Amino acid sequence: DSGVTQTPKHLITATGQRVTLRCSPRSGDLSVYWYQQSLDQGLQFLIQYYNGEERAKGNILERFSAQQFPDLHSELNLSSLELGDSALYFCASSSDVLVDEQFFGPGTRLTVL
Amino acid sequence: GENVEQHPSTLSVQEGDSAVIKCTYSDSASNYFPWYKQELGKGPQLIIDIRSNVGEKKDQRIAVTLNKTAKHFSLHITETQPEDSAVYFCAARGYLEGKSTFGDGTTLTVKP
């Protein structure tokens with residue numbers, strides 16, 4: 001158990017809908033990262049937050065957005081969902097922006113029908 | 001941007017044999033190279049990492065080597081066991097950068 005929690009574990013929804021994925025980092029970790037893992041594209045970095053501020057951005061679609069709250073939990077919002085958004089979404093955390101090791105959560109499996 | 005290539009995509013070995021997975025990267029500014037193990041239904045777990053000021057690092061049966069000149073790094077697992085069966089990912093990142101670029105993964109199967 002990495003100490004990172006993600007909810008929900010599974011999510012099934014329809015095209016065009018909007019969903020919110022939630023992540024709680026390890027106790028004391030200030031940095032949160034979001035990744036998308038699909039069968040044909042491996043692990044793709046989406047975005048990083050550090051202590052409430054956006055720190056780095058990857059190939060995140062405009063339909064996707066994230067935020068980190070004062071209690072350091074983070075949410076990833078996916079809107080206007082398409083079939084191709086079906087994937088595993090992982091959250092990871094690290095203690096601060098200078099620390100290399102990231103601890104991954106168990107992931108949320110999103111299925112868009 | 002950074003590009004990481006990982007080979008092979010699948011690897012099958014007999015229990016007790018060694019396994020080697022190789023990755024190449026394109027950005028010479030990358031200086032942190034972690035390896036992750038992902039078991040079915042779980043998130044990736046860091047198993048070993050290396051920084052660009054080190055050529056080799058070992059932790060029990062696992063070792064990683066880095067060749068900065070050639071821009072490649074490798075994972076070596078000795079005396080493989082069935083519980084080593086999993087998907088292994090390499091990644092590359094620059095100092096103070098949040099973004100990690102991952103390889104496509106290697107599915108390792110260790111046959112008893």
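See the structure printed just above.
In this text the structure is predicted, and so the values were computed from the model without any measurement.

1. Some words on the sheet that holds strand 7 (residues 62-67) of chain B
Residues and elements named next belong to chain B.
- Across the sheet, which stays open at both edges, the five strands sit in the order 1-3-8-7-6 with antiparallel pairing between neighbours. In the strand order of this sheet, the two ends are held by strand 1 (4-7) and strand 6 (56-59), each with one partner. The sheet shows a mean angle of 15° between the axes of neighbouring strands, taken without regard to direction.
- Where strand 3 (residues 19-25) and strand 8 (residues 72-77) come together, six bridges link them in antiparallel fashion. Bridging from a neighbouring strand, Ala 19 pairs with Ile 77 of strand 8.

2. Points about the pattern of salt bridges
All names here are of chain A.
- Counted according to the given criterion, the structure contains seven salt bridges over all chains.
- Among the ionic pairs, Arg 63 bridges to Asp 85, the shortest N-O distance being 2.8 Å. Of the two residues, Arg 63 is situated in the loop between strand 6 (53-57) and strand 7 (64-68) and Asp 85 in the loop between strand 8 (74-78) and strand 9 (87-94); the sequence distance between them amounts to 22 residues.
- Owing to a relative accessible area of 3%, Asp 85 belongs among the buried residues under this scheme.

3. Description of the environment of Gln102(A)
- Its place among the elements puts Gln102(A) in the loop between strand 9 and strand 10 (103-104).
- By relative accessible area, Gln102(A) is classed as buried at 1%.
- Separated by 10 residues in the primary sequence, Gln102(A) and Ala92(A) have C-alpha atoms spaced 5.8 Å apart.
- Other than its neighbours up to four places away in sequence, Gln102(A) contacts Tyr33(A), Tyr35(A), Ala92(A), Ser93(A), Ser94(A), Tyr36(B), Arg93(B), Gly98(B) and Ser100(B).
- Polar side-chain contacts of Gln102(A) include one of 2.7 Å to the side chain of Tyr35(A).

4. Examining the state of the cysteines
- Applying the stated criterion across every chain, the model contains two disulfides over all chains.
- Residue Cys23(A) pairs covalently with Cys91(A) via a disulfide, S to S 1.8 Å. When the S-S torsion is -50°, as for the bridge of Cys23(A) with Cys91(A), the disulfide is left-handed. Here Cys23(A) is found in strand 3 (residues 19-24), whereas its partner Cys91(A) is found in strand 9, with 68 residues between them in sequence. Across the pair, Cys91(A) and Cys23(A) agree in class, each one buried.
- In this model, Cys23(B) is linked to Cys90(B) through a disulfide, with the two sulfur atoms separated by 1.9 Å. The chirality of the disulfide connecting Cys23(B) with Cys90(B) is left-handed, given an S-S dihedral of about -100°. Taken together, the positions of Cys23(B) in strand 3 and Cys90(B) in strand 9 (residues 86-94) put the pair 67 residues apart, joining distant regions of the chain.
- Residue class for Cys90(B) comes out buried when judged on its relative accessible area of 0%.

5. Quick word on the pairing of strand 11 (residues 106-111) of chain B
All names here are of chain B.
- Burial of strand 11 is one-sided: the residues Thr 106, Leu 108 and Val 110 facing one way are buried, the residues Thr 107, Thr 109 and Lys 111 facing the other way are not.
- Where strand 9 lies against strand 11, three bridges are found, and the strand directions are antiparallel. Residue Ala 86 lies in a different strand from strand 11, and its bridge partner there is Leu 108.

6. Concerning the layout of surface pockets
- Reported here for the largest pocket is a volume of approximately 810 Å³.
- If you trace the largest pocket, you find 33 residues lining it, with Gln37(A), Leu39(A), Leu88(A), Gln38(B) and Val87(B) closest to the centre.
- Elements with a minimum of two residues in the lining of the largest pocket: strand 4 (31-38), strand 9 and strand 11 (108-112) of chain A together with strand 1, strand 9 and strand 11 of chain B.
- For the lining of the largest pocket, the element with the highest residue contribution is strand 11 of chain A, accounting for four residues.
- Classifying every residue of the lining of the largest pocket gives 11 nonpolar, 16 polar and six charged.

Cut-offs applied
- Residues numbered from 1 in each chain as written.
- Chains lettered and ligands numbered in written order.
- Predicted model: local features only at pLDDT ≥ 70, side-chain atom pairs only at ≥ 80, totals over all residues.
- Heavy atoms only, no water.
- Pairing = 2+ DSSP bridges.
- Helix = DSSP H or I, 4+ residues; strand = E, 2+ residues; numbered from the N terminus.
- Axes fitted to C-alpha atoms, helices over the stretch in contact; angles between N-to-C directions.
- Salt bridge = Lys/Arg side-chain N within 4 Å of Asp/Glu carboxyl O.
- Buried < 20%, exposed > 50% of the residue type's maximum accessible area, 1.4 Å probe, protein only.
- Contact = heavy atoms within 4.5 Å.
- Polar contact = N/O pair within 3.5 Å; in protein donor to acceptor, adjacent residues only side chain to side chain.
- Disulfide = S-S within 2.5 Å.
- 1 Å grid on protein atoms, 1.4 Å probe; cavity = no way out; pocket = protein on both sides within 12 Å on 5 of 7 lines; lining within 4 Å.
- Points joined across faces, edges and corners; volume = space filled by probe spheres on them.
- Nonpolar A, V, L, I, M, F, W, Y, C, P; charged D, E, K, R; others polar.

Everything listed here is a matter of coordinates, which is why it stays silent on function.
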